[in-house]
Amino acid sequence: MPTYSHSKLSTFESCPQKYKFRYIDKIKVEGYDTIEAFLGSRAHEALEKLYRDVLMTKIPKADDIVEFYEDSWERNWHPGVEVVRKDYSAEDYRNLGRSCLRSFYKRYHPFDQDKTLALEERVTFPLVKSNVNGGRSSQVYIRGVIDRLAITPDDVIEIQDYKTSRHMPTQMELDADRQLGLYRIAVNRRFPNAKEVRLVWHYLIHDQRVVSTRTPEDLEVLTGEILDLIDRIESETDFYPKESALCDWCEYQSICPVRRHLFEVEQLPLEEFKEDDGVKLVDSYAQLKEKKRQVEGELDEIEERIINLAREKNLTKLVGSDQQLKISFSRDYHFPPVTDPQWQVLERIIREAGRWDEIVTISHPKLKSIMKKKTWPEQLWSKVREFAGIKESVRLYLSKKRGEE
Ligand code: SF4
């Protein structure tokens, strides 16, 4: 049975190639961790321990929680933890985690704002996919882990989530957050008679508690969006890499077509780097492109001077030492572009005259876009698909390397 989680869906959205590596090819990069993920896990464990103690009516001291965190940091630390932001050391992150825990402790001690219902609670629930072509509907499962489920004295169930990210979201982002929206659906099914359910995030670095809610209509829209996204994932065939700032944190850089060359050559000493075939080709290509740009600029300028001279002297041919140059002036009809309101008037006139079919042809770019997005009904799509071959095209894009923009 297909199972999805918020992070699985997000991986596809951020990079289909990464999704393929992780969830289809199931490639595991042993021993790789980012310091952000490592810190997040340690902070989550410490807060789980805190509330587990509280559940047992034992209120630990702040120092106990910090000590637990330090022990866990030591026990779990391994050389594969990658610190991407080179301005900071692993020790800086460790200190940050410690400070987050102390602030959290101070803010909520003695932890009597609510009662814990569950810690690190695994949830799984089905969503039904209806078949638009009249076939049988099917189910997908959604799973996730709720950091803490709590109930307040006025019977409000809270889905609590700890975040150690540096980005503090806006209320609008929280109100559209998919992860806790999904947990909200799960809690709805488990507590159908709940008076009220609240989504609560603790942004530990900012020492902020932020809240959002969802209406039944919001959850319906969310369900539709998730099922649409799952349809897109399940009909995806290309899984192209999507390069972004997140690549620096990706464990697949050494095998990804976008990052592999960079990954390989940045380990090389300067001499070997300069001798790498790829590096040499890109350097030559960049130099020639620059030359071409300069020559094209000079050509544009000289063409303009030739046209001006020909107009001024009323000439249609100029001679050089070995070659001659014909200058051809011509006049042709020019119609307003399709975005111009005048175009609509023109279109109506031609349609009314019954001559529209004489000038309209299939737009290949539009047809290709419809085929890719599958916006036509399946029956029509599959018939048209029979006429479509696959043609590979290659284009080269030159840009500055990361960190040199
Ligand atoms: S390195 Fe970037 S482009 Fe490549 S798989 Fe990872 S996220 Fe995708």
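Reading the values: the criteria
- Residue numbers run consecutively from 1 along every chain, following the written order of its sequence.
- Totals for whole chains, interfaces and linings use all residues, but because this is a predicted model, local features are given only for residues with pLDDT of at least 70 and pairs of side-chain atoms are given and counted only at 80 or more.
- Heavy atoms from the whole structure form the basis of all side-chain values; hydrogens and water molecules are not counted.
- Here, a salt bridge means any side-chain nitrogen of Lys or Arg that lies within 4 Å of a carboxyl oxygen of Asp or Glu.
- Put simply, DSSP H or I for four residues or longer makes a helix, DSSP E for two residues or longer makes a strand, and each gets a number counted from the N terminus.
- Between buried and exposed lies partly exposed: a residue is buried under 20% and exposed over 50% of the maximum accessible area for its type, with that area taken using a 1.4 Å probe on protein chains only.
- Each axis is a line fitted through C-alpha atoms, taken for helices only over the stretch in contact, and angles between the N-to-C directions span 0 to 180 degrees.
- For classification purposes, an angle smaller than 35 degrees is called roughly parallel, one larger than 145 roughly antiparallel, one from 65 to 115 roughly perpendicular, and anything else oblique.
- By definition, turning the near helix anticlockwise from the far helix through less than a right angle yields a left-handed crossing, and turning it clockwise yields a right-handed one.
- Contacts are residue-level and defined by heavy atoms, with any inter-residue pair within 4.5 Å sufficient.
- Working definition: rings of Phe, Tyr and Trp (its six-membered ring) pair if their centres are within 6.5 Å, and the pair is stacked with planes under 30 degrees apart, edge-to-face with planes over 60 apart, and tilted otherwise.
- Any Lys NZ or Arg CZ that is within 6 Å of a ring centre and within 35 degrees of that ring's normal is treated as a charge sitting over the ring.
- These domain limits were set by an automatic method or by a database of domain assignments.
- Note on residue categories: nonpolar means Ala, Val, Leu, Ile, Met, Phe, Trp, Tyr, Cys or Pro, charged means Asp, Glu, Lys or Arg, and polar means any other residue, Gly included.
- Here a residue is considered near a molecule or strand provided that any single heavy atom belonging to it is located within 4 Å of it.
- Every patch collects residues that have over 30% relative accessible area and no salt bridge, joining them within 9 Å if they carry like charges and within 5 Å if they are nonpolar side chains (Val, Leu, Ile, Met, Phe, Trp, Tyr).
- Calculation of accessible area relied on Shrake-Rupley with a 1.4 Å probe; when residues are assessed, cover is drawn exclusively from the protein chains displayed.
- This arc is built from the directions going out from the helix axis to the C-beta atoms.
- Only when DSSP finds a minimum of two bridges between them are two strands counted as paired.

Undergrad: Which parts of the structure should I look at to understand the pattern of salt bridges?
TA: This model, assessed by the stated rule, comprises 27 salt bridges. A salt bridge links E36 to R85, with the nearest nitrogen and oxygen atoms 3.4 Å apart. Here E36 is found in helix α3 (residues 35-55), whereas its partner R85 is found in the loop between β3 (81-82) and α5 (90-108), with 49 residues between them in sequence. Classification of E36 by relative accessible area gives partly exposed; the value is 22%. According to the relative accessible area criterion, R85 is partly exposed, its value standing at 27%.

Undergrad: It is not clear to me how the packing of helix α4 (residues 62-76) against α5 should be interpreted in this structure. Could you clarify?
TA: Helix packing for two helices is described by the angle between their axes and how far apart those axes are. Axis separation between α4 and α5 bottoms out at 10 Å; the angle between their running directions is 155°. The angle between α4 and α5 places the two elements in the roughly antiparallel class. Here the hand of the crossing between α4 and α5 comes out right-handed. Facing α4, whose interface residues are A62, D63, I65, V66, Y69, E70, W73 and E74, α5 presents A90, Y93, R94, G97, R98, L101, R102 and Y105.

Undergrad: What am I meant to see in the packing of aromatic side chains here?
TA: Applying the stated criterion across every chain yields a total of 15 aromatic pairs. Ring geometry for F21 against Y252: centres 5.1 Å apart, planes inclined by 40°, an arrangement best described as tilted. Within this pair, whereas F21 is found in helix α2 (residues 16-24), its partner Y252 is found in the loop between α8 (216-235) and α9 (260-265), the two being separated by 231 residues in sequence. What makes Y252 buried here is its relative accessible area of 2%. With 5.9 Å between their ring centres and 55° between their planes, Y69 and W73 make a pair best called tilted. With a gap of 4 residues between them, Y69 and W73 both fall in helix α4, about one helical turn apart. Taken together, the ring pairs connect Y51, F104, Y105, Y108, F111 and Y162 into an aromatic cluster. In this structure, K8 packs its charged tip against the face of Y4, placed 4.6 Å from the ring centre. When the ring centre of Y51 is taken as reference, the NZ or CZ atom of R148 above it lies at 3.7 Å.

Undergrad: Looking at this structure, I do not really get the environment of L174. What am I missing?
TA: Mapped onto the elements, L174 comes out in helix α6 (residues 171-175). Residue classification places L174 among the buried residues on the basis of a relative accessible area of 2%. Between the C-alpha atoms of L174 and E220, which are 46 residues apart in sequence, the distance is 17 Å. Excluding its chain neighbours within four sequence positions, the residues that come into contact with L174 are P169, W201, Y203, V210, S212 and R214.

Undergrad: What should I look at first to understand the domain arrangement of the protein chain in this one?
TA: Interface size is often expressed as the accessible area that is lost when the parts come together. Split by domain assignment, the protein chain resolves into domain 1 (31-112) and domain 2 (278-326). Computed over C-alpha atoms, the centres of domain 1 and domain 2 are 64 Å apart.

Undergrad: Help me understand the packing of helix α14 (residues 364-373) against helix α15 (residues 378-385), please; the structure alone is not making it clear to me.
TA: The interhelical angle for the contact between α14 and α15, taken along N-to-C directions, is 125°, at an axis separation of 11 Å. When the interaxial angle is binned, α14 and α15 end up oblique. Between α14 and α15 lies a crossing whose hand is left-handed. Contacts between α14 and α15 involve L367, I370 and M371 from the first element and W381, V384 and R385 from the second. In terms of residue class, the contact of α14 with α15 is built from 5 nonpolar, no polar and 1 charged.

Undergrad: Please explain the site of the ligand as it appears in this structure.
TA: Inspection of the region around the ligand gives C15, Q17, K18, P241, K242, C247, C250, Q253, C256 and R259 as its neighbouring residues. Looking at the shell around the ligand residue by residue, the class counts come to 5 nonpolar, 2 polar and 3 charged.

Undergrad: Looking at this structure, I do not really get α2. What am I missing?
TA: Because the α-helix completes a turn every 3.6 residues, residues three or four places apart line up on one side. The complete set of buried residues in α2 reads P16, Q17, K18, Y19, F21 and Y23. Buried residues belonging to α2 abut β1 (3-5), α1 (6-14) and α8. Among the residues trailing α2, K26 stands out with phi positive, at a value near 55°.

Undergrad: How do you make sense of a nonpolar patch on the surface when you look at a structure like this?
TA: Residues I27, V29 and I255 make up a contiguous nonpolar surface patch of about 190 Å² in total accessible area. Relative to the helices and strands, I27 resides in the loop between α2 and β2 (33-34).

Undergrad: When you look at α1 in this model, what are you seeing that I'm missing?
TA: For α1, the complete set of buried residues consists of K8, L9, T11 and F12. Along the long axis of α1, the arc covered by the buried residues comes to 155°, so they all point the same way. Buried residues along α1 sit against β1, α2, α7 (178-190) and α8.

Undergrad: Can you walk me through the pairing of strand β7 (residues 196-203) in this structure?
TA: Every regular strand shows the same layout, with side chains that alternate between the two sheet faces. Buried residues dominate β7, accounting for 7 of its 8 residues. Where strand β6 (residues 156-163) meets β7, 8 bridges bridge the pair, whose relative direction is parallel. Looking at β7, one finds that I159 is bridged to L199. The pairing of β7 with strand β8 (residues 208-212) spans 5 bridges and is antiparallel. Paired with Y203 across the two strands is Q208, which belongs to β8. Joining the antiparallel neighbours β7 and β8 is a turn of 4 residues, in which D207 adopts a positive phi near 50°.

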